[in-house]
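The chain contents come next:
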Amino acid sequence: LAILLLLIGATVFVKQVEILLKLNPSQKTIITPGLIFEKINNLQQLNVLLLRAKKQKQPVMIKFSAEWCLACKELAGTTFKNTEVVEAFKNFMLIEADVTNNDSSSKQLQNKFGIFAPPSLVFINTNGQVEPDKTVTGYISSDKLLQLAT
């Protein structure tokens, strides 16, 4: 039984690695280090950054992610490294809400925007207003993310 469980675990791990290594040839993922996010893990940190962005009339993209989230890793390795995405989001304040611990701080961050699970993206305009029609949950391709940059 232990050997069977070990084999099942190894198979699942290999599948997860295959997902992470699968790159879409149309995405330019090797040339750039990708988008750089300011990492936060509580509402106080988020509110400070949102206030700064509003004062500077800067649009915001908040990425909800967790260390255990495979789709988050896939986004980081593909979509967020695409050169066109990096260019399109260069004037955005980029915030990463780390909800790895799934604790009360994580829940408060998620509840503020009605987020159920990572990966999720929330967009806030230059007036500090959330744009709910742009909220994304799950993996998003570079092409689709580029459509949300406007």
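Everything numeric in this text was worked out from a predicted model, so none of it was measured. (Residues numbered from 1 in each chain as written. Predicted model: local features only at pLDDT ≥ 70, side-chain atom pairs only at ≥ 80, totals over all residues. Heavy atoms only, no water.)

Asks: Teacher, can you tell me more about the overall build of the protein chain here?
Replies: When you go through the protein chain residue by residue, the secondary structure sums to six helices and five strands. Reading the helices (α) and strands (β) of the protein chain from amino to carboxyl end gives α-β-α-β-α-α-β-α-β-β-α. Relative to all contacts within the protein chain whose residues are 6 or more apart in sequence, the contacts with residues 24 or more apart total 76%. Working note: accessible area of the protein chain is about 8,900 Å², and carbon and sulfur atoms make up 59% of it. (Helix = DSSP H or I, 4+ residues; strand = E, 2+ residues; numbered from the N terminus. Contact = heavy atoms within 4.5 Å. Areas by Shrake-Rupley, 256 points an atom, 1.4 Å probe, with all protein chains shown as cover.)

Asks: So what exactly am I meant to see when it comes to the packing of helix α2 (residues 43-55) against helix α5 (residues 104-113) here?
Replies: Packed helix pairs are characterised by how far apart their axes lie and by the angle those axes make with each other. Two numbers describe how α2 lies on α5: the axes approach to 9 Å, and their chain directions differ by 45°. Between α2 and α5, the angle is such that the two are oblique. For the pair α2 and α5, the contacting residues are L43, L46, N47 and L50 in the first and Q108, L109, K112 and F113 in the second. Per-class residue counts for the contact of α2 with α5 are five nonpolar, two polar and one charged. (Axes fitted to C-alpha atoms, helices over the stretch in contact; angles between N-to-C directions. Parallel < 35°, antiparallel > 145°, perpendicular 65-115°, else oblique. Nonpolar A, V, L, I, M, F, W, Y, C, P; charged D, E, K, R; others polar.)

Asks: Looking at this structure, how should I read unusual backbone geometry?
Replies: Both trends apply: most residues other than glycine have a negative phi, and most peptide bonds are in trans. Following P118, the chain continues into P119 via a peptide bond in cis, with omega recorded as -10°. By the secondary structure assignment, P119 is in the loop between α5 and β4 (120-124). Phi at K57 is positive, roughly 55°, even though this residue is not glycine. For N102, which is not glycine, the phi torsion reads 50° and is therefore positive. Residue placement: N102 occurs in the loop between β3 (93-98) and α5.

Asks: Quick question: what am I supposed to make of the nonpolar core here?
Replies: The nonpolar side chains of a soluble globular protein tend to be buried with one another. Formed by 20 residues in total, the largest nonpolar core has its most connected members in L46, L50, V60, I62, F64, I95 and F113. Among the elements of the structure, α2, β2 (60-65), β3, α5 and β4 are those that each provide at least two residues to this core. With four residues, α2 is the largest single contributor of residues to this core. Beyond its immediate chain neighbours, meaning those up to four positions away, F64 contacts C72, A97, V99, L109, Q110, F113, I115, P118, P119, S120 and V122. Core analysis: the next-biggest nonpolar cluster, separate from the first, contains 16 residues, L35, F92, L94 and A149 among them. (Core = buried A, V, L, I, M, F, W, Y, C linked by side-chain atoms within 4.5 Å. Buried < 20%, exposed > 50% of the residue type's maximum accessible area, 1.4 Å probe, protein only.)

From the geometry alone we can't say anything about function, so treat these as descriptive.
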